[in-house]
Amino acid sequence: MKFGILVNEGPYTHQASDSAYYFAAAALRAGHEIVRVFFYHDGVNNGTRLGVPPQDDRNISARWAELAKDNDVELILCVAAAQRRGMLDADEARRAGKDADNMAPGFQISGLGQLIDAGIQADRLIVFGD
Amino acid sequence: MPVLHIVNKSPYDRNSLDTCLRLARADAAILLIEDGIYAAQKNAAASDKVQHALGKHPIYALQPDLQARGINPDNMIEGISLVDYDGFVKLTTEYDKLQSWL
Amino acid sequence: MASKRFLYINRKAPHGTVYALESLEVVLIGAAFEQDVSLAFIDDGVYQLMRNQDTTAIGSKNFSPTYKALGDYDVSKIYVEQESLETRGLSKDDLMPLTYEDEDDDWAEKDSIHIVSGAELAEIIEQQDVILNF
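Each chain carries its own residue numbering, running from 1 in the direction its sequence is written. Throughout, the order in which chains and ligands are written sets their labels, letters from A for the former and numbers from 1 for the latter. Restriction of local features to residues with pLDDT of at least 70 applies here, the model being predicted, together with a cutoff of 80 or more for giving and counting side-chain atom pairs; totals for whole chains, interfaces and linings are based on all residues. Only hydrogens and water are removed before side-chain values are computed, so all heavy atoms of the structure are retained for them.

Before going further, it helps to examine the overall build of chain A. Here a helix means four or more residues in a row that DSSP labels H or I, a strand means two or more in a row labelled E, and each is numbered from the N terminus. Helix and strand content of chain A: five helices and five strands. Of the regular secondary structure in chain A, the N- to C-terminal order runs β-α-β-α-β-α-α-β-α-β. Computed over its C-alpha atoms, the radius of gyration of chain A comes to 14 Å, within 12% of the 14 Å expected for a compact globule of 130 residues. Along the longest, intermediate and shortest principal axes, the C-alpha atoms of chain A span 45 × 35 × 30 Å. For a compact globule the rule gives 2.2 Å times the number of residues to the power 0.38, and the radius of gyration it is set against comes from C-alpha atoms.

This part covers the packing of aromatic side chains. Working definition: rings of Phe, Tyr and Trp (its six-membered ring) pair if their centres are within 6.5 Å, and the pair is stacked with planes under 30 degrees apart, edge-to-face with planes over 60 apart, and tilted otherwise. In this structure the tally under the stated criterion is 14 aromatic pairs over all chains. With a centroid separation of 5.4 Å and 75 degrees between ring planes, the pair formed by tyrosine 21 of chain A and tyrosine 22 of chain A is classed as edge-to-face. Ring geometry for phenylalanine 23 of chain A and phenylalanine 128 of chain A: centres 5.8 Å apart, planes at 55 degrees, overall tilted. Of this pair, phenylalanine 23 of chain A sits in helix α1 (residues 16-29) while phenylalanine 128 of chain A sits in strand β5 (residues 124-128), placing them 105 residues apart in sequence. Burial classes follow relative accessibility: with a 1.4 Å probe on protein chains only, a residue under 20% of its type's maximum area counts as buried, one over 50% as exposed, and anything between as partly exposed. Looking at phenylalanine 128 of chain A, the relative accessible area reads 2%, which means it is buried. Members of the aromatic cluster, connected to one another through ring pairs, are Phe3, Tyr21, Tyr22, Phe23, Phe39, Trp64, Phe107 and Phe128 of chain A together with Tyr85 and Phe88 of chain B. In this structure, arginine 63 of chain A is placed above the aromatic ring of tyrosine 21 of chain A, and the distance from its NZ or CZ to the ring centre is 4.2 Å. By definition, being over a ring means that NZ of Lys or CZ of Arg is both within 6 Å of the ring centre and within 35 degrees of the ring normal.

Glancing now at the side chain of asparagine 8 of chain A. Turning to its location among the elements, asparagine 8 of chain A is positioned in the loop between β1 (2-7) and α1. Classification of asparagine 8 of chain A by relative accessible area gives buried; the value is 1%. Two N or O atoms form a polar contact when they lie within 3.5 Å of each other; inside protein one atom must be a possible hydrogen donor and the other a possible acceptor, and for residues adjacent in sequence the pair counts only when both atoms belong to side chains. Of the polar contacts made by the side chain of asparagine 8 of chain A, one reaches the backbone oxygen of asparagine 133 of chain C; its length is 3.1 Å. Beyond its immediate stretch of four places on either side in the chain, asparagine 8 of chain A contacts Tyr40, His41, Asp42, Gly43, Val127, Phe128 and Gly129 of chain A, Leu102 of chain B together with Asn133 and Phe134 of chain C. Whether two residues touch is decided by their heavy atoms; if any such pair falls within 4.5 Å, the residues are in contact.

This brings us to the interface of chain A and chain C. Counting residues at the interface gives 20 residues for chain A, matched by 21 residues for chain C. Buried surface at the junction of chain A and chain C, summed over both partners, amounts to about 1700 Å²; 62% is from carbon and sulfur atoms. We define a salt bridge as a contact between a side-chain nitrogen of Lys or Arg and a carboxyl oxygen of Asp or Glu at a distance within 4 Å. In this assembly, chain A and chain C are joined by three salt bridges. For glutamate 25 of chain C, the salt bridge identified is with arginine 84 of chain A, shortest N-O distance 2.7 Å. Viewed at the interface, chain C and chain A are joined by 11 residue pairs in polar contact (both at pLDDT 80 or more). Broken down by secondary-structure element, the contributors of at least two residues to the side of chain A that touches chain C are α3 (79-84), α5 (113-121) and β5 of chain A. Per element, the largest residue contribution to the side of chain A that touches chain C is seven residues, and it comes from α5 of chain A. Buried area is a sum: the accessible area each of two parts loses on coming together, probed at 1.4 Å, counted once for each and added.

When two helices pack together, their arrangement is captured by the angle between the axes and the distance separating the axes. All names here are of chain A. Orientation is described by lines fitted to C-alpha atoms, with helices fitted over the stretch in contact, and by angles between N-to-C directions that extend from 0 to 180 degrees. Between α1 and helix α2 (residues 60-71), whose axes approach to 11 Å, the crossing angle comes to 20 degrees. Considering their axes alone, α1 and α2 lie roughly parallel with respect to each other. As α1 packs across α2, the resulting crossing turns out to be left-handed. Residues Ser17, Asp18, Ala20, Tyr21, Tyr22, Ala24, Ala25 and Leu28 of α1 pack against Ile60, Arg63, Trp64, Leu67 and Asn71 of α2. Its residues assigned to classes, the contact of α1 with α2 comprises nine nonpolar, two polar and two charged. Each angle receives one of four descriptions, namely roughly parallel if under 35 degrees, roughly antiparallel if over 145, roughly perpendicular if within 65 to 115, and oblique otherwise. Handedness of a helix crossing follows the sense of rotation of the near helix relative to the far helix, less than a right angle counterclockwise being left-handed and clockwise being right-handed. Gly falls in the polar group here, along with every residue not listed as nonpolar (Ala, Val, Leu, Ile, Met, Phe, Trp, Tyr, Cys, Pro) or charged (Asp, Glu, Lys, Arg).

All names here are of chain C. Note on placement: isoleucine 115 falls in strand β6 (residues 113-116). Exposure remark for isoleucine 115: the relative accessible area of 28% places this residue in the partly exposed category. Taking C-alpha positions, isoleucine 115 is 17 Å from leucine 70, a pair spaced 45 residues apart along the chain. Non-local contacts of isoleucine 115, meaning those with residues more than four positions away in its chain, are made with Val80, Gln82, Leu85, Lys92 and Glu120.

Attention now goes to the side chain of asparagine 8 of chain B. Position of asparagine 8 of chain B among the secondary structure elements: in the loop between β1 (3-7) and α1 (16-23). When its relative accessible area of 4% is taken as the criterion, asparagine 8 of chain B is described as buried. At a separation of 2.9 Å, a polar atom in the side chain of asparagine 8 of chain B contacts the main-chain carbonyl oxygen of glycine 129 of chain A. Contact partners of asparagine 8 of chain B, with chain neighbours within four places excluded, come to Gly129 and Asp130 of chain A together with Ile33, Glu34, Asp35, Gly36, Trp101 and Leu102 of chain B.

The next subject is the interface of chain A and chain B. With 19 residues of chain A in contact, the opposing surface of chain B contributes 19 residues. Overall, the association of chain A and chain B removes approximately 1500 Å² of surface from exposure, summing both partners, and the carbon and sulfur fraction of that is 55%. On the chain A side of the contact with chain B, Gln15, Arg124 and Asp130 of chain A bury the most area, a combined 36% of that side's loss. Among the salt bridges present, the one from lysine 9 of chain B reaches aspartate 130 of chain A, with a minimum N-O distance of 3.1 Å. Linking chain A to chain B there are 11 residue pairs in polar contact (both at pLDDT 80 or more). Breaking the side of chain A that touches chain B down by element, the ones donating at least two residues are α1 and β5 of chain A. No other element matches the seven residues that α1 of chain A contributes to the side of chain A that touches chain B.

Right, dumping it as structure tokens:
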């Protein structure tokens, strides 16, 4: 079965991203396909590569990136939500005249249309949030 | 076709469970995750309505979230089924609409 | 590909958090995909449709007039739960009038807002393919 996943909250403050991650891992384990994980609202903050969690805590961004790499899963940050919150890839940073970008490898920035498309492509769309 | 309702908030903090119970049809199932699992505890203020809902809907609770919060399965309302993440995925394949009460 | 039925469920009040605004942005983008779109306003979500919202003094964007444009985006099925209104001491008159022009009826202006009971809304939820919550 094909799944789309929407994550509406950032890492660490809410459990949403953790729940979505464990759901995604279990779905892949069961042989399902994940067409896309779409990060919206503060969920875009899951895509930072600048987080430095303590050694004894999980690294949420790195964990997503690894899951995506191993299973060829798209991790998409909503461009409008990301720009508002200062989540920029190298292209966006250049375009906006900023001196740095902060997006982790494995994540991509794209439009809200990708969320609708995930709803169209997937057999199930599941939402994690607050 | 039946809906899987997912509730992730404590019934003592938000009205998500109340709204879910108001709008869940007879063929729907309910899955408690994250802080939603507090609704599974017996001898509590929300127990009666959950008990009543069990007469109409299968109710599941996510075991890893229960365990994380120190809720002993013995203190759970009888009739609620525990699932792990594999069981969570399986439920989402068995019910064809997913409604998360954020 | 056949179109799917999308339902956007709004249960959060506007302004206190960003969810209502960013949900509306999804609806507007989603309208271009020519899917079957419905919106439901439940619980504090009904406050999104209040008349006379003015955010001048809190410095945030007043996006409430955008709801009135939904009809132009072919989003004309807007369901508001009766019980959620009653709980909050509100009636339809407290909400902004939202309308659309019905192309199948000589572009007659029609009401987009349908006040529905919990039972009716439960049935609407059941008829969907994709349910988005913000």
